[in-house]
Amino acid sequence: MSDRRPAPTASLASPLQPGVERDPRPGLAGAAPESLLAWLLACGEPAYRARQVADALWRRHASTVDEMRTLPAALRTELAAAWRVDTLVESSVRPADRGLTEKALHRLDDGRLVESVLMRYPRRPGRRERATVCISSQAGCAVGCPFCATGELGFGRDLAVAEIVDQVRFWARELAGDGRHVTNVVFMGMGEPLLNVDAVLSAAAALTDPDRFALGGRHVTISTSGVIPGIERLTELRPPWTLAVSLHAARPSLRDVLVPLNRRYPVEEVVAAATAYARATGRRVSYEYVMIDGVNDTAADAAAVAALLRGRLVHVNLIPMNPVAHTAWLPSSPARVEAFAAALLAAGIPTTVRRNRGDEIGAACGQLAAERAGLPAPSAVQRRRELEVGAGAAALSDGRS
Ligand code: SAH
Ligand code: SF4
């Protein structure tokens, strides 16, 4: 093999290849409070033990049973036999952005890798200090957006509730050393949250439950590439969470390429579903738009976005693409990003240009895990070629300015 990258080590195996058998013990942080209480009562414990376990998990962010000092030794032994206090077997952290951004790669019990990112925003006049954690909902992703390193990996598996919330507890533990807290959580790491919707809804509920992680509901954002049934489920539930839709193109033929799920859930229907969510909840929907030089950043693209979103309760975030391996695409120049933003603002659409955080360590969706995994599978490269050279060329020549 002519691969010049280091081979994946045994301890950090490929995200797509499970290394060992699953640990049969469920993750403790994924247990619904009533199941945990039922288990404790069945063990002959008094009901107040549930509060003690919850305190250890959610206030002190315990990762081992030994840290649960308020519990009697016999119960700690029973707990360890039945549950995993932490589902993240091993984590490695890399700093970037003058220490304001850190990225963790977590190994799960079956050897798969997922990532999470901590972004710290120092206090500014009129703004409190924030610490935002970006978490993964799946190992890999089936949607296959060609500019996304997670898409390149393909789909591994859904994460369990505990595997999702343990990423947040990991960073809460790291921050606690400095007397700091996690203030915001975004489901913008690996995976498509609304294709693992049950676990994601339970995880978001645990994170915003006043008796568990106790985050403000508005401080949780779920990002989707446009899974309409999942958006409809959120609309029925009316949670206080923020919905973000990854748009990346308003012209259907281009979006078919950039977000292949568009072929199943067309962009107009996605926007209609998200608008119903905004109406039901009164909450503004965020639209994420990754800007790729010469691909989706033309005046015609801006006009199409304006036509699609004008008059709706939205906010658009423009994000220059983080360069990823296996594609020649580059981020749009600052001038093109500004021109795009100006066109949307002129159409009355609130628009913000976001600087990429952590790009020097590959903090864009899935990049670090992709790096560690070595080269992508030949089938993924083949699919990329088909997308970029075939359908891509046709779509890019459609309606260019
Ligand atoms: N699957 C969900 C959530 C995870 S992706 C979704 O797509 O919305 C989170 C965000 O990272 C998405 O908006 C995605 O488009 C963006 N992203 C992926 N690859 C990127 C890259 N190379 N540069 C910048 N943003 C990227
Ligand atoms: Fe999946 Fe989101 Fe990446 Fe698309 S951008 S491949 S939906 S993780």
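Computed from a predicted model, the values in this text were never measured in an experiment.

Asks: Please clarify how the overall build of the chain should be interpreted in this entry.
Replies: A count of helices and strands for the chain gives 13 helices and twelve strands. Burial analysis of the chain (401 residues in total) assigns 47% to the buried set. Long-range pairs, those at least 24 residues apart, make up 70% of the contacts in the chain between residues at least 6 apart in sequence.

Asks: Mind showing me how you'd approach helix H5 (residues 161-176) here?
Replies: Residues separated by three or four positions in an α-helix point in the same direction, a consequence of the helix having 3.6 residues per turn. Across its 16 residues, H5 extends 22 Å between first and last C-alpha, which sits within 8% of the 22 Å expected from 1.5 Å per residue. With twelve of 16 residues buried, H5 lies mostly within the body of the structure. Packed against the buried residues of H5 are strand S1 (90-96), strand S2 (101-107), strand S3 (113-121), strand S4 (130-134), strand S7 (184-187) and helix H6 (197-208).

Asks: Got a minute to help me understand the nonpolar core in this structure?
Replies: One broad trend across soluble globular proteins is that nonpolar side chains are buried collectively. Core analysis: the biggest nonpolar cluster contains 108 residues, and Val168, Leu207 and Leu243 have the highest contact counts within it. The residues that make up this core include at least three from each of domain 1 (12-82) and domain 2 (90-396).

Asks: Honestly, the packing of H5 against H6 in this entry has me stumped. Any pointers?
Replies: How two helices pack is summed up by the angle between their axes together with the distance between the axes. Put simply, H5 and H6 touch, their axes get as near as 8 Å, and they point 40 degrees apart. Put simply, H5 runs oblique to H6. Judged by the sense of rotation from one axis to the other, the crossing of H5 with H6 is right-handed. Between H5 and H6, the residues in contact are Val161, Ile164, Val165 and Val168 and Ala199, Val200, Ser202, Ala203, Ala206 and Leu207, respectively. Partitioning the contact of H5 with H6 into residue classes produces nine nonpolar, one polar and no charged.

Asks: Explain the packing of helix H7 (residues 228-237) against helix H9 (residues 267-281) here, please?
Replies: Two numbers describe how H7 lies on H9: the axes approach to 9 Å, and their chain directions differ by 10 degrees. Classified by the interaxial angle, the pair formed by H7 and H9 is roughly parallel. Here H7 contributes Ile228, Ile231, Glu232, Leu234 and Thr235 to the contact with H9, which in turn contributes Glu269, Val270, Ala273, Ala274, Ala276, Tyr277 and Ala280. Its residues assigned to classes, the contact of H7 with H9 comprises nine nonpolar, one polar and two charged.

Asks: Looking at this structure, I do not really get the sheet that holds S1. What am I missing?
Replies: Spatial ordering of the open sheet is given by S1-S2-S3-S4-S7-S8-S9-S10-S11-S12, a layout of ten strands whose pairing is mixed. Each having just a single partner strand, S1 and strand S12 (351-353) make up the two edges of the open sheet. Going across the sheet, the axis of each strand differs from the next one's by a mean of 20 degrees, ignoring polarity. Pairing of strand S8 (residues 220-224) with strand S9 (residues 242-246) involves four bridges; the strand directions are parallel. Within S9, the position partnered with Ser223 by the bridge is Ala244. The sheet contacts of H5 involve S1, S2, S3, S4 and S7, and relative to S3 the element is tilted by about 45 degrees.

Asks: Would you mind going over unusual backbone geometry with me for this structure?
Replies: Excluding glycine, a negative phi dihedral is what most residues carry, and trans is how most peptide bonds are arranged. The residue Ala214 is not glycine, and still its phi comes out positive at about 60 degrees. Along the polypeptide, Ala214 turns up in the loop between H6 and S8. Even without being glycine, His248 reaches a positive phi, approximately 65 degrees.

Asks: Would you take a moment to explain the environment of Gly191 for this structure?
Replies: Summarising the element assignment, Gly191 is placed in the loop between S7 and H6. For Gly191, a count of 29 C-beta atoms within 10 Å corresponds to the buried category. Between the C-alpha atoms of Gly191 and Ser225, which are 34 residues apart in sequence, the distance is 9.9 Å. Ignoring sequence-local partners within four residues, the contact set of Gly191 consists of Ser136, Ser137, Gln138, Cys141, Thr150 and Asn196.

Asks: Just to check I follow, could you spell out H7 for this structure?
Replies: Those residues of H7 not exposed but buried are Gly230, Ile231 and Leu234. Each buried residue of H7 sits inside an arc of 100 degrees when the element is viewed along its axis, so together they form one side. Among the exposed residues of H7, those oriented more than 90 degrees off its buried face are Pro229 and Glu236. On the buried face of H7, the contacting elements are H6, S8, S9 and H9. Once H7 ends, the next one or two residues include Arg238, with phi positive near 50 degrees.

Thresholds, definitions, all that
Residues numbered from 1 in each chain as written. Chains lettered and ligands numbered in written order. Predicted model: local features only at pLDDT ≥ 70, side-chain atom pairs only at ≥ 80, totals over all residues. Helix = DSSP H or I, 4+ residues; strand = E, 2+ residues; numbered from the N terminus. Buried ≥ 20, exposed ≤ 12 C-beta atoms within 10 Å, placed from the backbone. Contact = placed C-beta atoms within 7 Å. Expected span 1.5 Å × (residues − 1). Core = buried A, V, L, I, M, F, W, Y, C linked by C-beta atoms within 7 Å. Domains from an automatic or database assignment. Axes fitted to C-alpha atoms, helices over the stretch in contact; angles between N-to-C directions. Parallel < 35°, antiparallel > 145°, perpendicular 65-115°, else oblique. Left-handed = near helix turned anticlockwise from the far one by under 90°. Nonpolar A, V, L, I, M, F, W, Y, C, P; charged D, E, K, R; others polar. Pairing = 2+ DSSP bridges. Arc of directions from axis to C-beta.

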